[in-house]
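The lines below spell out each chain.
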Amino acid sequence: MHADGATQNLRQTSGPAQGQPTVGRHEPELREKDQPLWEDIRLLGRLLGDTIRVQEGEAVFAIVEKIRQQSVRFRRDEDADARLELEAVLNSLSHERTIEIIRAFSYFSHLSNIAEDQHHVRRTRSHSHADSGPRPGTMDHALARAAESGIAPARLQAFFAAALVCPVLTAHPTEVRRKSTIDREMEIAELLAQRDRMRLTPAEQADNEAALRCAILTLWQTSILRRTRLKVLDEVVNALSYYDYTFLRELPRFYAELEDALARSDRSGNATELPSFVRMGSWIGGDRDGNPFVSAAVLRQALALQSQKAMTFYLEEVHALGGELSLDARLVSVSTELEQLAERSPDPAPHDATSHTAAPSPESMPASSPPRGPWARRSRAGRRSATPSPTRMSPKSCPISAPCIAP
């Protein structure tokens, strides 16, 4: 359900009978399935309403509620009188009060969209728990259809070996949200996920609601729009921030799951590791034919920022991996290549030299094929938790290492 439809069912703080979701009487299954969505919307709407009441006063909150109720009457009940009342209220608002009302409903739409996104994740997880087969739109579903069509695993391997998928990021003018706003919305999404996936104690639930309330308050006190125009390099930095919680961590997981699926379908045991066929590109900082502010110097800086993002991620992952793999050469055997790599490490700490292999410097990292075996598989798949943790990845999996930037 989209935010405009969800708005019809915005919670009421005055009683449980009001603001109940309006679901078709002929769809009892839909009501049960979507009940968690309505609960999340009510929770976020209640916290937003409390925030408006405290920050702007009862008068503003009362107007918001009146507009909401009249909108529901007009939209759901086709009440012509409600439309006239709504027009009268809106026409009577001052400029300042109009901005406050717009902000209130804008933030409710954002919060409803967050709840809807989380509900989509919830339904996907529920589908997986039910073991009801691959869903359309997933790689498992595509592989199942390929198998039904008689396409041999070897042919699929050859297809992926030659495939190239190159999504290109661009600084679209309609993306006006600030990164600070996006960060808070992601925090709210994570807090909703905690409530859904964990059995919280009363104290933990209270802490979770307090954190939600704080995030919504921060959103309300943050300007939705920027007051200054972004420079090209600002747009580059903003776009690269998406890599931290999307491509850099999820693409290795995607490759690992795809390879596992291909290995299950290939009973001959000939399934091999797939090459990196998803190569991210970017117009931002490279649009020389359409943006007068993009110069050769800006292009060089954009490429440097992309390289820095990739190398910084690798270094952080390598150092974290060095702390996890505290292997002792007296207990396990290591390859000659790994011993030579450890000897070239810049870490001279004697306790590290005797207990485990230290993390290598970027200069000492060999340009060889990605690691294989169970540890490599673990590094490709990574882990999930309520608090994001480092996700191991092989060098070939880096989505911004490919020369796919637009000229």
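Computed from a predicted structure; not experimentally measured.

Undergrad: Just give me the short version of the overall build of the protein, but keep the residues and values in it.
TA: Counting its secondary structure elements, the protein contains 15 helices and 2 strands. Burial status across the protein gives 35% buried among its 407 residues. Contacts in the protein between residues far apart in sequence, at least 24 positions, make up 75% of those at least 6 positions apart. Looking at the protein as shown, the accessible area adds up to about 24,100 Å², and 55% of this sits on carbon and sulfur atoms.

Undergrad: Outline the environment of Ile-284, listing residues and values.
TA: Inspection of the secondary structure puts Ile-284 in the loop between strand E2 (281-282) and helix H12 (296-324). Ile-284 sits 14 residues away from Val-298 along the chain, and the two C-alpha atoms are 9.9 Å apart.

Undergrad: Explain the packing of aromatic side chains residue by residue, including any values.
TA: Overall, the coordinates contain 8 aromatic pairs when judged by the stated rule. Here the aromatic rings of Phe-160 and Phe-277 are separated by 5.3 Å at their centres, their planes lie at 35 degrees, and the arrangement is tilted. With Phe-160 in helix H7 (residues 153-162) and Phe-277 in the loop between helix H11 (247-265) and E2, this pair connects stretches of sequence that are 117 residues apart. Of the two residues, Phe-160 and Phe-277, neither departs from the other in class, the shared state being buried. Taken together, the ring pairs connect Phe-159, Phe-160, Phe-254, Tyr-255 and Phe-277 into an aromatic cluster. Against the face of Phe-61 rests Arg-53, its NZ or CZ located 4.1 Å from the ring centre. Seen from the ring of Trp-220, Arg-103 lies directly overhead, with NZ or CZ sitting 4.3 Å from the centre.

Undergrad: Could you give an account of the packing of helix H3 (residues 58-77) against helix H4 (residues 80-91), naming the residues involved and the relevant values?
TA: Interhelical geometry of H3 versus H4 gives an angle of 150 degrees and a closest axis separation of 8 Å. Taken together, H3 and H4 sit at an angle that is classed as roughly antiparallel. Handedness of the crossing formed by H3 with H4: left-handed. Along its contact with H3, which presents Ile-63, Lys-66, Ile-67, Gln-70, Ser-71, Arg-73 and Phe-74, the element H4 presents Asp-81, Ala-82, Arg-83, Glu-85, Leu-86, Val-89 and Leu-90.

Undergrad: Tell me about the packing of helix H5 (residues 95-129) against helix H8 (residues 179-197), and please be specific about residues and values.
TA: At a minimum axis separation of 10 Å, H5 and H8 run at an interaxial angle of 40 degrees. When the interaxial angle is binned, H5 and H8 end up oblique. When the axes of H5 and H8 are compared, the crossing they make is right-handed. Here His-110, Leu-111, Ile-114, Ala-115, Gln-118, Val-121, Arg-122 and Arg-125 of H5 come into contact with H8, specifically with Glu-185, Ile-188, Ala-189, Leu-192, Ala-193, Asp-196 and Arg-197. Residue composition of the contact of H5 with H8, grouped by class: 8 nonpolar, 2 polar and 5 charged.

Undergrad: So what's going on with a nonpolar patch on the surface? Which residues, and what values?
TA: On the surface, Leu-327, Leu-331 and Val-332 cluster together into a nonpolar patch covering about 280 Å² of accessible area. In this fold, Leu-331 is placed in the loop between H12 and helix H13 (336-343).

Undergrad: Before we move on, can you summarise the side chain of Glu-100 with the specific residues and values?
TA: Within the secondary structure layout, Glu-100 lies in helix H5. Excluding anything up to four places from it in sequence, Glu-100 contacts Glu-56, Val-60 and Trp-220.

Undergrad: Break down the confidence of the model for the protein for me, citing the residues and quoting the values.
TA: A low pLDDT score tells you not to read the predicted coordinates there in detail. Model confidence for the protein is summarised by a mean pLDDT of 77, while 75% of its residues fall at 70 or above. Confidence drops under a pLDDT of 50 for residues 1-29, and excluding neighbours within four residues, the segment shows 51 contacts in the predicted structure. For the stretch residues 354-407, pLDDT sits under 50, and the model shows 139 contacts to residues farther than four places along the chain or on other chains.

Undergrad: Kindly report on the side chain of Asn-208, identifying the contributing residues and their values.
TA: When you line up the elements, Asn-208 lands in helix H9 (residues 202-220). Assessed through its relative accessible area of 4%, Asn-208 is described here as buried. Discounting residues that sit within four places of it in the chain, Asn-208 has contacts with Leu-191, Gln-194, Arg-195 and Leu-200.

Cut-off values and rules
- Residues numbered from 1 in each chain as written.
- Predicted model: local features only at pLDDT ≥ 70, side-chain atom pairs only at ≥ 80, totals over all residues.
- Heavy atoms only, no water.
- Helix = DSSP H or I, 4+ residues; strand = E, 2+ residues; numbered from the N terminus.
- Buried < 20%, exposed > 50% of the residue type's maximum accessible area, 1.4 Å probe, protein only.
- Contact = heavy atoms within 4.5 Å.
- Areas by Shrake-Rupley, 256 points an atom, 1.4 Å probe, with all protein chains shown as cover.
- Phe/Tyr/Trp six-rings, centres within 6.5 Å; stacked < 30°, edge-to-face > 60°.
- Lys NZ or Arg CZ within 6 Å of the ring centre and 35° of its normal.
- Axes fitted to C-alpha atoms, helices over the stretch in contact; angles between N-to-C directions.
- Parallel < 35°, antiparallel > 145°, perpendicular 65-115°, else oblique.
- Left-handed = near helix turned anticlockwise from the far one by under 90°.
- Nonpolar A, V, L, I, M, F, W, Y, C, P; charged D, E, K, R; others polar.
- Patch = residues over 30% accessible without salt bridge, like charges linked within 9 Å, V, L, I, M, F, W, Y side chains within 5 Å.
- Salt bridge = Lys/Arg side-chain N within 4 Å of Asp/Glu carboxyl O.
- pLDDT = per-residue confidence, 0-100.

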